[in-house]
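Okay, here's what each chain looks like letter by letter:
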Amino acid sequence: MQNVPEEPNLTTATKPEQIIWTKRDLLDLENLSREEIELILDRAEDFVKDDPRHQEKRSDLKGIVVANLFFEPSTRTRTSFGLAAKRLSADTIDFTPSSSSLIKGESFIDTAKNIQAMGADVMVVRHAVPGAPHLLAEHLHCAIINAGDGAHEHPTQGLLDILTIRQRLGRVEGLTVGLVGDIAHSRVARSNIHGLLKLGAKVIVCGPPTLVPRSISRLGVEISYHLDDILPHCDVVNILRIQFERQRHGLFPSVHEYAMLFGMNGERLRRAKPDILLLAPGPINRGVEVTPEVADGPHSAILQQVTNGLAVRMAVLKLLCNRSESAQGAHG
Amino acid sequence: MMVHRSSVPRLCAARSNNCLMFDKPVMNHCEDLELTKGGVMHEGFESMRLGLRGLPAAAEEIMVYRDLALAELTGGRLHVLHVSSAGSVELIRQARKRGVNVTAEVCTHHFTLTDECLRSFDSNFKMYPPLRTRDDVQAMIEGLKDGTIDAIVTDHAPHAPEKKMRELDQAPNGVIGLETLLPICIHSLIEPGHLTWPQLIEKLTINPARILGIDRGTLKPGADADVTIIDPNVEWTIDPEKFRSKSRNCPFANWKVRGRADTVIVGGVIR
């Protein structure tokens, strides 16, 4: 955006008050400090281009091997991580469970150890079970990035959502952010909550009572069951997808009723602040969570989120790899 | 004695009646299987935070209540296995006051550990009933103190490391407890002053024998010489690698504890 220098120079762009990244893995936002989150966001800004096609190829990760291990389907996150690694000149491995020995009964830890033995420095892991990336971090020595573990966390999605808010509205602190939809089954909701609260935003979670666990208020968020009540107070609304694949049955009566009560449509948008920002982590069910004219309208930042996702993932890969280089240097 | 998980009340009531003939209790693992389907840990704040499917306390309490009502209906004797929720303890306490013939037991981990342990995503904290909250742990201790809970058990469940070292929802339920039973009881019950030594020994020996209706658990003349000699003061660190048990799925690894069995005599023979 407008703040990005023509020739990003990462060594001089470092602000004096910025901390040094020390963590080997990126497993969740809950255990990051505000400073660590801001460090990633600042580094990501350096990689943001108005048009990603003009992103020049850099040599930061030359000789590094980045492996994508997606035990659960993904289009956007997987492509985004793969492209981020390639933009930084890393070598990449793409692992698909259907074409692997998992179906022959190999445990997923053994599968990951084999890929590590091929020389992987970084493993990007998506898994349907919460804690699966944490388990790999326990048993492997390469860096692990959580690309979504069940309903637990999706840290890079949380970071790109927050980066988009910061770019469009200039700040995060003091804003009111509504997370709308299936909170119970959403890893995006949890990463958003931890990241936004650490950066000083107010968070309201909103959805049908069956999809909003009451205990979530203990994290420091407000709960609402009525979108129309909270909409006039929100600076940002993040529209979460209904996780049909993770739900037990019978959590709400019908998709039609859901769309009536919680779908973001043009008429509802008129109740919102005039400069409201709409995010959606995707994939979206058009006509359910959001109508097409809203998804493609001026308030929506859906495509900017995708672009920012690439920048956030480049920043995370570079921070983790620089850390491992300097750690190796210290030992050698 | 009958251990069962039947969900057909009429059948349970019949069994409860039938057991009267033998002076044996119906022993039930209280779990509403519909409510626990797919669950991994106690349902509450921690399961919400970790995104893991919950096993609600209600799944246990509904079955405890059902069995108490059936014991009351038939006059049969009920023993509730491994109680874990504060609500269950209270149901049993109230039933006993009404004269229902009921006894209960608790596992060492349920009066020592909470669901916060699962933040490590370590399957050595995965069992059923699951670890619950601090309030539940406190209720177990209160139940032991006022006699609502008669016995302390391990629910010893060995699993091979390769079975346990898996994604949390695929790892089997259960932990081992035989070799940590005594030091954990000392740590959680004797040292804080919740139970005296005689009370603890009663809950580990006399009461379990009485519940099962077997002639064991005493030192009276003529009884089988099944004796454990305890050194209550020896300090040691729990290291599952050194267990006699082949399994390592222990939730107390690396704990510094006090007290250990010094000598074990079974049927008069020193082991």
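As the structure is a computational prediction, the values presented were derived from the model and not from experiment.

Colleague: Even after reading the chapter, I still don't get the domain arrangement of chain A, so can you show me in this structure?
Modeller: Accessible area lost when the parts come together is the quantity often used to give the size of an interface. Residue and element names in this part refer to chain A. Per the domain assignment, the segments of chain A are domain 1 (10-151 + 309-327) and domain 2 (155-306). Every contact between the two is made by 33 residues of domain 1 and, on the other side, 28 residues of domain 2. In total, domain 1 and domain 2 occlude about 2,400 Å² of area from one another, counting both sides; carbon and sulfur atoms represent 59% of this. The largest per-residue losses of area from domain 1 upon contact with domain 2 belong to Leu29, Arg76 and Ala151, which jointly make up 26% of the total buried on that side. The interface formed by domain 1 and domain 2 contains 4 salt bridges. When the shortest N-O distance is used, the salt bridge between Asp42 and Arg166 registers 2.8 Å. The tally of links from domain 1 across to domain 2 stands at 12 residue pairs in polar contact (both at pLDDT 80 or more).

Colleague: Teacher, can you tell me more about the sheet that holds strand β5 (residues 176-180) of chain A here?
Modeller: Two pairing modes exist for strands in a sheet, parallel and antiparallel, and in both the strands are linked by backbone hydrogen bonds. Residues and elements named next belong to chain A. Spatially, the 5 strands line up as an open sheet ordered β7-β6-β5-β8-β9, and their pairing is parallel. If you trace the sheet from one side to the other, it starts and ends with β7 (222-224) and β9 (277-279), each paired once. Strand-to-strand twist of the sheet, defined as the mean angle between neighbouring strand axes without regard to direction, takes the value 20°. Where β5 meets strand β8 (residues 236-239), 4 bridges bridge the pair, whose relative direction is parallel. Note on β8: the bridge partner recorded for Leu179 is Asn238.

Colleague: Any chance you could explain the interface of chain B and chain A here in plain terms?
Modeller: In this assembly, 17 residues from chain B lie in contact with 22 residues from chain A. Counting the surface chain B buries against chain A, the share from its top three residues, Phe45, Met48 and Phe121 of chain B, is 35%. Notably, a salt bridge pairs Arg49 of chain B with Glu30 of chain A, separated by 2.1 Å at the nearest N-O pair. On the surface where chain B and chain A come into contact, there are 3 residue pairs in polar contact (both at pLDDT 80 or more). At 4 residues, helix α3 (residues 45-50) of chain B tops the list of elements feeding residues into the side of chain B that touches chain A. Looking at the side of chain B that touches chain A residue by residue, the class counts come to 8 nonpolar, 3 polar and 6 charged.

Colleague: Just checking my understanding: could you explain the layout of surface pockets for this structure?
Modeller: Vacant regions in the atomic arrangement are exposed by a probe of water-molecule size rolled over the atoms. Residues and elements named next belong to chain B. Approximately 1,600 Å³ is the volume attributed to the largest pocket. In this structure, the largest pocket is lined by 40 residues; those nearest its centre are Leu178, Leu181, Thr228, Ala261 and Val264. Sorting the residues of the lining of the largest pocket by element identifies β7 (151-153), α8 (181-190), α9 (197-212), β8 (227-237) and β9 (256-266) as the ones contributing at least two each. Broken down by element, the residue count for the lining of the largest pocket peaks at 7 residues, all from α9.

Colleague: How should I be thinking about helix α3 (residues 76-87) of chain A in this particular structure?
Modeller: Note on helix geometry: an α-helix contains 3.6 residues per turn, so any two residues three or four positions apart are oriented the same way. All names here are of chain A. In this model, α3 (12 residues) spans 16 Å end to end at C-alpha, consistent with the 16 Å of a helix rising 1.5 Å per residue. Turning to α3, its buried residues number three or more, namely Thr77, Arg78, Ser80, Phe81, Gly82, Ala84, Ala85 and Arg87. Within two residues after α3, Ser89 carries a phi angle of roughly 70°, on the positive side.

Colleague: Looking at this model, I keep getting lost on the nonpolar core. Mind explaining?
Modeller: Across soluble globular proteins, nonpolar side chains have a tendency to be buried as a group. Residue and element names in this part refer to chain A. Membership of the largest hydrophobic core comes to 64 residues, with the highest contact counts inside it found for Leu159, Ile165, Leu179, Val205 and Leu317. If one sorts the elements of this core by residue count, helix α12 (residues 302-331) sits on top with 10 residues. Looking at this core, you find at least three residues from each of domain 1 (10-151 + 309-327) and domain 2 (155-306). Residues within four places of Leu159 in sequence aside, it is in contact with Leu26, Leu29, Ile37, Ile40, Leu41, Val312 and Val316.

Colleague: Even after reading the chapter, I still don't get the pairing of strand β6 (residues 102-107) of chain B, so can you show me in this structure?
Modeller: Each regular strand carries side chains that alternate between the two faces of the sheet. All names here are of chain B. Extensive coverage of β6 is indicated by the burial of 6 of its 6 residues. Both faces of β6 are covered, namely the face carrying Val102, Ala104 and Val106 and the face carrying Thr103, Glu105 and Cys107. Sheet topology places strand β5 (residues 78-80) next to β6; 3 bridges connect them, and they run parallel. Bridged to His79 within β6 is Thr103. This β-α-β element, β5 to helix α5 (residues 86-97) to β6, shows right-handed connectivity. Here β6 runs beside β7; their pairing, made up of 3 bridges, is parallel. Within β7, the position partnered with Cys107 by the bridge is Val153. In this fold, the crossover linking β6 to β7 by way of helix α6 (residues 134-146) has right-handed handedness.

Colleague: Hey, could you run me through the packing of helix α6 (residues 155-169) of chain A against helix α7 (residues 187-198) of chain A in this one?
Modeller: Describing two packed helices takes the angle between their axes plus the distance from one axis to the other. Residue and element names in this part refer to chain A. Relative orientation of the contacting elements α6 and α7 amounts to 55°, with a least axis distance of 8 Å. Of the possible angle classes, the one that applies to α6 and α7 is oblique. Every pair of crossing elements has a handedness; the one defined by α6 and α7 is right-handed. Where α6 approaches α7, its residues Pro155, Gln157, Gly158, Asp161, Ile162 and Ile165 are matched on the opposing element by Val188, Ser191, Asn192, Gly195 and Leu196. Here the contact of α6 with α7 is composed, by residue class, of 5 nonpolar, 5 polar and 1 charged.

Colleague: Whenever I open this one, the confidence of the model for chain B confuses me. Can you help?
Modeller: Interpretation of this model should avoid reading the predicted coordinates in detail wherever pLDDT is low. Of all residues in chain B, 92% have pLDDT values of 70 or greater, and the mean over the chain is 92. Note on the complex model: pTM 0.89, ipTM 0.87.

Colleague: I keep staring at the pairing of strand β6 (residues 202-206) of chain A and nothing clicks. Help me out?
Modeller: Residues and elements named next belong to chain A. With respect to burial, β6 is a largely interior element, 4 of its 5 residues being buried. Bridging between β5 and β6 involves 5 bridges; their strand directions are parallel. Bridge pairing in β6 places Leu179 opposite Val205. Between the parallel pair β5 and β6, the chain is carried across by α7, and the sense of this crossover is right-handed.

Thresholds applied
- Residues numbered from 1 in each chain as written.
- Chains lettered and ligands numbered in written order.
- Predicted model: local features only at pLDDT ≥ 70, side-chain atom pairs only at ≥ 80, totals over all residues.
- Heavy atoms only, no water.
- Domains from an automatic or database assignment.
- Contact = heavy atoms within 4.5 Å.
- Buried area = accessible area lost by both parts, 1.4 Å probe.
- Salt bridge = Lys/Arg side-chain N within 4 Å of Asp/Glu carboxyl O.
- Polar contact = N/O pair within 3.5 Å; in protein donor to acceptor, adjacent residues only side chain to side chain.
- Pairing = 2+ DSSP bridges.
- Helix = DSSP H or I, 4+ residues; strand = E, 2+ residues; numbered from the N terminus.
- Axes fitted to C-alpha atoms, helices over the stretch in contact; angles between N-to-C directions.
- Nonpolar A, V, L, I, M, F, W, Y, C, P; charged D, E, K, R; others polar.
- 1 Å grid on protein atoms, 1.4 Å probe; cavity = no way out; pocket = protein on both sides within 12 Å on 5 of 7 lines; lining within 4 Å.
- Points joined across faces, edges and corners; volume = space filled by probe spheres on them.
- Expected span 1.5 Å × (residues − 1).
- Buried < 20%, exposed > 50% of the residue type's maximum accessible area, 1.4 Å probe, protein only.
- Core = buried A, V, L, I, M, F, W, Y, C linked by side-chain atoms within 4.5 Å.
- Right-handed = clockwise from strand over helix to strand, strands pointing away.
- Parallel < 35°, antiparallel > 145°, perpendicular 65-115°, else oblique.
- Left-handed = near helix turned anticlockwise from the far one by under 90°.
- pLDDT = per-residue confidence, 0-100.

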